[in-house]
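Each chain, letter by letter, is given below.
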Amino acid sequence: LTELANRGLEPLLERAFVVNEVPKDKQDGLRTLIALRELSDPKANLTQRQRQERIGRIVAGIEQALPGMNDPRVLMQQASILIKHGVERDVNTLEYWGENPRTQAALRPIAQVVVQLLDKAAAAAEKQSDEIANQLTGLDDPRAALSEELSNLATSAAYTKGMSDYFVALSIDRADPTRKEIATAAIEALGEFDTPETQVQPIVRNRMGKLHMTAGNYEQARELLRSVADGTDIKPAPDVAMQYEARYFAAVCDVLARKPDDAAKALAELLTWQKANLPPAAERGAAAASAMLEYRIQSLRASLAPDDEAKKAADDQAVQVLLALVRERPELQGIIFEQIAARLPENPDVKSLDPLLLQAMVRQGEDERLKPADQPFDKPVIDGAIAAAREIIARKGAGGIDPRTTENSLLLIAFFLDKLDRPAEAALAFLDFAKQYPRSEHAKLALDNAQALVARLRQEAMDDPGTIEAYETFLEVAIGPPFNRTEFAFEWARRLQLNGNYRNAVEFYRKVPADDQRKLLARFYEMVALQQQLDAPSTIASDRARIVSEMEQLAGEVRKGAEAQLAAAQNDADRTAARSLLVRTTLLAADIARREQKNPKKTLDLLANFEKQAQGLPNQADLLGSVLFARVQSHMALGQNNEATQTLVSLLKTMPGGEGATIVFNLLEKLNGDLDKARAAGDVEQMKVLAGNRAQLSGFLVDWARTNDDENIRKFTYRYSVFDAATKHLAADLESDPAARKKGLEAALALYEKLQSEDGVALYQATLPPTAGAADRNSPDPAVALGVGLIAYDLGNYAEAQKRLGQLLTDRKLGTPLIETSENGETKLIENDKYWEATLKLLRSNVALAGDGQTEARTQSENYLKQLYIRWGDQVGGRKWSPDFQKLRQELIPHFNPNFDPDASPAPATTQPQETTPPAV
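Residues numbered from 1 in each chain as written. Predicted model: local features only at pLDDT ≥ 70, side-chain atom pairs only at ≥ 80, totals over all residues. Heavy atoms only, no water.

Caption draft 1: Spotlight on the overall build of the protein chain. In terms of helices and strands, the protein chain carries 42 helices and two strands. Computed over C-alpha atoms, the radius of gyration of the protein chain comes to 45 Å, more than 25% over the 29 Å expected from 2.2 N^0.38 for 921 residues, which places it beyond the range of a compact globule. Taken along its principal axes, the extent of the C-alpha atoms in the protein chain is 140 × 70 × 55 Å. Put simply, the protein chain has 921 residues, and 47% of those count as buried. (Helix = DSSP H or I, 4+ residues; strand = E, 2+ residues; numbered from the N terminus. Rg over C-alpha atoms; globule rule 2.2 N^0.38 Å. Buried < 20%, exposed > 50% of the residue type's maximum accessible area, 1.4 Å probe, protein only.)

Caption draft 2: A look at the nonpolar core. Within the largest apolar cluster, 128 residues are counted, with the highest numbers of intra-cluster contacts made by Tyr 248, Ile 336 and Phe 474. Counting residues per element, this core draws most heavily on helix H11 (residues 240-256), at ten residues. Setting aside chain neighbours within four positions, we find Ile 336 in contact with Trp 97, Leu 322, Leu 325 and Val 326. Grouped together as the second largest cluster of nonpolar side chains are 59 residues, Ala 35, Ile 62, Leu 66 and Leu 82 included. (Core = buried A, V, L, I, M, F, W, Y, C linked by side-chain atoms within 4.5 Å. Contact = heavy atoms within 4.5 Å.)

Caption draft 3: Quick look at the packing of helix H25 (residues 541-568) against helix H26 (residues 572-595). Taken N-terminus to C-terminus, the directions of H25 and H26 make an angle of 160°; their axes are 9 Å apart at the nearest point. If you check the angle between H25 and H26, you find them roughly antiparallel. Here H25 runs over H26; the crossing is left-handed. Contacts between H25 and H26 involve Val 548, Met 551, Ala 555, Val 558, Arg 559, Ala 562, Glu 563, Gln 565 and Leu 566 from the former and Arg 575, Ala 578, Arg 579, Leu 581, Leu 582, Thr 585, Thr 586, Ala 589 and Ile 592 from the latter. Its residues assigned to classes, the contact of H25 with H26 comprises eleven nonpolar, three polar and four charged. (Axes fitted to C-alpha atoms, helices over the stretch in contact; angles between N-to-C directions. Parallel < 35°, antiparallel > 145°, perpendicular 65-115°, else oblique. Left-handed = near helix turned anticlockwise from the far one by under 90°. Nonpolar A, V, L, I, M, F, W, Y, C, P; charged D, E, K, R; others polar.)

Caption draft 4: Structural detail: the side chain of Asp 194. In this structure, Asp 194 sits in the loop between helix H8 (177-191) and helix H9 (201-215). Other than its neighbours up to four places away in sequence, Asp 194 contacts Gln 201, Val 204, Arg 205 and Met 208.

Caption draft 5: Looking closely at the packing of aromatic side chains. Using the criterion set out here, one finds 21 aromatic pairs in the structure. Taken together, a centroid distance of 5.0 Å and an interplanar angle of 50° make the contact between Tyr 96 and Tyr 248 tilted. With Tyr 96 in helix H5 (residues 72-97) and Tyr 248 in helix H11, the pair connects residues that are 152 residues apart, well separated along the chain. For the pair shown, Tyr 96 and Tyr 248 are each scored as buried. (Phe/Tyr/Trp six-rings, centres within 6.5 Å; stacked < 30°, edge-to-face > 60°.)

Here it is, written out as structure tokens:
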């Protein structure tokens, strides 16, 4: 079994375990031999972490393996492997940097295994040598050479074991008496090799000097080391490397003896000597070792300093020495930061730490991050690393922090957050790196990691604000230079469009690659974004002609593409998608012809066969409502009022009463939208034309429905009467003559009051759907109540206005400040002008009724207005009513600032917070 393990024949070994029913503890022991073999095999190509794992396995199983290991040559070889791969690094760390418990704890079990192997090798070699010697038949027996070889091997093992006892002693704490006992015994054992005949006298002297140093015998250590440095009475003469080692550790003795001045003198002498004697190839390593010694001397001065100023000066000097070493020898960063970490206090305040300690904290976090997934990691250490990395970034450009360190810190923050399973923050951190360092060799890595995290987030919590922010940031970075990932152009354009950035949305729709399957859809949405630009108040007149021309060209392209898709469609879903795209494009083109090109005939031509095209589409009712609006407006623009009404009647005849009423409602709402645009533009003439069109339609509809033979249409007379009352109210609002205005308002109020009669309420209830609850059936029609409240306000009847508007808002009958609407096949949030108008006029009514005194009602109104600004900020009132709210704010709460109010916590612009109850009446 041992031979199989030594030869690395692992499959045969595992089979032998089964056949021979080998106990598990013995199996584990034999597997250590496999691990030992892998350590020395260059073909294994092990990483540092894999080497550490193999060493750990060896240390854990060597007790079980030793009884079966009897070849002294193999034992010596295995000890040599462990010294090279498991001992030397930690010993060098402790020798050159000073002792620390962590490294000592890591070294101790490995050093002890080495000594065990050497002990076994010496004993086995001596035993085998004696056995052969006892069997010799004479001086010419050929086995005599083998016996002598084994005897020499036993001596070599004993020598190596004495040298290796230094490793064990060095791994034990200075306060433990065992340390000195082991060192003393090793010095005695090595004493027999301190002779010229052994040919290792200088090596032995240096090791005995280090053992004395380990035992705290500094004078004896210096004496032995200086004998090697001088090269007197030693044979063979020590070479340059041995002399260097002796001089260096003589200076270390002064550090350990806490004599900084003597150590500094010894270092100065060493520097002079090495400059004159060391070959060029050795200068780089010697310079690093000298820097480490200088660091230890300055740290010793700091610990012995008589006051804080001297301590700080020495500490600063120590830090500068190491910072220079980190810059010159970046490959030493790991060991440097590992040693510096020992200086960190408990729960350090990163703002008070020097750059070296900050980097050490980051390095500690990196060590934790790189632990395998199946191993626990120290979360507080990674949290501290994040804080330290952010502090490094905050000090960008300051002393001790070079640009490369800042760059690496930013990237590591992202990896740390990912390790802590904070994907949204990690994604944003990776993207921050990609934005700040787009030309870095790690920029692509950062962007790819961000993409993977965003994909995961969108699977797990698509609507979470953190996910949305990470997604939008990723798209912005990925599509921009230098990454130019145009495969994301469509997604980024959509986000820009949905967020109201129409101009940039157009730019990125145009970047969608030609081979993207969504290219035609991108062209359609580009057309929608151009229309949205036209609707924006900020669009200047000189841009409108260009935008209209671009839309016309796009409409032709999209229509042609949609027709091709429809012809090639293989299933109903594809056919529906192509037809939907076709009809929506037609609607947009018709709207441009009517509104921008002032060409109502072209509009009617474009919409000639629309009903056939839209038949059976999921949103058919919405589409027909939009078409109806465009046709009616076009006929009226041509002076064809009869055709306009007949168009309306023709459509309504084909619809059930409820659907017809909904279409009419949408028609009148679109008229209101156009009216608002005309009002914003100050186009009084257009406002009057639109109001007249609406009045003609609503009056006609009331008469048509009331006298209709179809009961389903007749019962919706009430709905059309509400439209008619609202139309009369609108016409009165536009009246410039005060007397005529008052008369018009009173006439509209009479219509509303008639609708509130017993017969009117019965008609209202008959229009409610079967699903309406008792609360809705027993409440007055909100549209009528709103009309009465607003007209009461316009007529100066503030008590009635307060009563009506307050009840509507309290009962949530007017919705919230933002409401959903559908446009061009998209659902989006828009401002609820009715809500804001009712709120404004309720507050105005309260103020008017309160008079000049500070009544409870006035105080409540002031507090409610504050709450609105805290919740909605600059969005209060929406675009239409914002100026009026600002005036009210200046009157009621001129000094109020929601940004400094202790209760202020404004909601994000895209949320709809629950509204508080309006001020009590």
